[in-house]
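Take a look at the letters that make up each chain.
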Amino acid sequence: MLKGISRGIKAYFGAFNLISKLKLWKYFVAPMGISLITAIAIFGAAYGLSDNVGDIISKIWIWEWGKDTFTTISKVIGGLIIIILGLILFKHIIMALSAPFMSPVSEKIETHFTGPPSGARRDTSFMHQLFRGIRINGRNLIMELLLTLPILVLKFIPIINIFSTILLFMVQAYYAGFGNMDYTLERHFKYKQSIRFVQHHKGIAIGNGMVFLFILLIPIIGVILVLPLSVTAASKNTVEALNLKNLSHETST
């Protein structure tokens, strides 16, 4: 898996050049707008809700002694929970709504590396791509929340909360990379086949998603550039993985 993570990260180094070489920037105008509007809406709401969540958490402490300290800590934890949940919602919303715009990008990247489309690729429409994006990211959103909520509970346990932070980051990274890889996979596999493919190449998904999350930490610019860079990197990795799969299948037969 470590090798896959390394491949997922390294693919970003040539992303800018590949986008410029294939003249892909025009395809990212709509996704950039979707990212910016979604970020303003979600993180604006998150900012207003953080204190409310903190107040709810602080009610757990029923004693008078240490009440102020626990209330302060609760507001910090409340803010952290809102940010994490906001980040989860943000990435799945933008990846789902951007699917019809990102699929042509991944197709051009695939054609660049493998040549014109063959009969093996599935022909999909704008609405199919949108529905597929919503279905995949809706499924991933539910799965990620089911994993994230128990991990957030572990943050209240000293020492263990250090490891829970790393685990939480890995889970977020995996599902971010998953969504980016599916823009290519939707032309080759049906829904369940794609899920199995990403599970088999989870290292690539995590590596791609790790950089995705780090890019989001860059104020404003990160929200705008995260999809162009991450989708380009994921498309390159996914095409390589598909070629290796096909080569392995041909060799075995």
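Bear in mind that the values here come from a model prediction, so they are computed numbers and not experimental data.

Quick look at the pattern of salt bridges
Part 1 of the reasoning: Within the structure shown, the criterion is met by five salt bridges.
Part 2 of the reasoning: The partner of E144 in a salt bridge is K91, and the shortest N-O contact between them spans 2.6 Å. One end of the pair, E144, is in helix α6 (residues 126–154); the other, K91, is in helix α4 (residues 67–97), and 53 residues separate them in sequence. As far as the burial class goes, E144 and K91 line up, both buried.
Part 3 of the reasoning: Taking the shortest distance from any N to any O, the salt bridge between K236 and E240 comes out at 2.8 Å. With a gap of four residues between them, K236 and E240 both fall in helix α10 (residues 221–252), about one helical turn apart.
Part 4 of the reasoning: On the accessibility criterion, K236 (25% relative accessible area) is partly exposed.
Part 5 of the reasoning: E240 gets classed as partly exposed once you look at its relative accessible area, which sits at 29%.
Part 6 of the reasoning: Each of R7, K236 and E240 takes part in one network of salt bridges that share partners.

A look at unusual backbone geometry
Part 1 of the reasoning: Even without glycine at this site, K23 takes up a positive phi of about 55°.
Part 2 of the reasoning: Topologically, K23 is positioned in the loop between α2 (15–21) and α3 (29–58).
Part 3 of the reasoning: Residue classification places K23 among the exposed positions, given a relative accessible area of 64%.
Part 4 of the reasoning: For I220, which is not glycine, the phi dihedral falls at a positive 60°.
Part 5 of the reasoning: For I220, the location among the structural elements is in the loop between α9 (202–216) and α10.

About the cut-offs
Residues numbered from 1 in each chain as written. Predicted model: local features only at pLDDT ≥ 70, side-chain atom pairs only at ≥ 80, totals over all residues. Heavy atoms only, no water. Salt bridge = Lys/Arg side-chain N within 4 Å of Asp/Glu carboxyl O. Helix = DSSP H or I, 4+ residues; strand = E, 2+ residues; numbered from the N terminus. Buried < 20%, exposed > 50% of the residue type's maximum accessible area, 1.4 Å probe, protein only.

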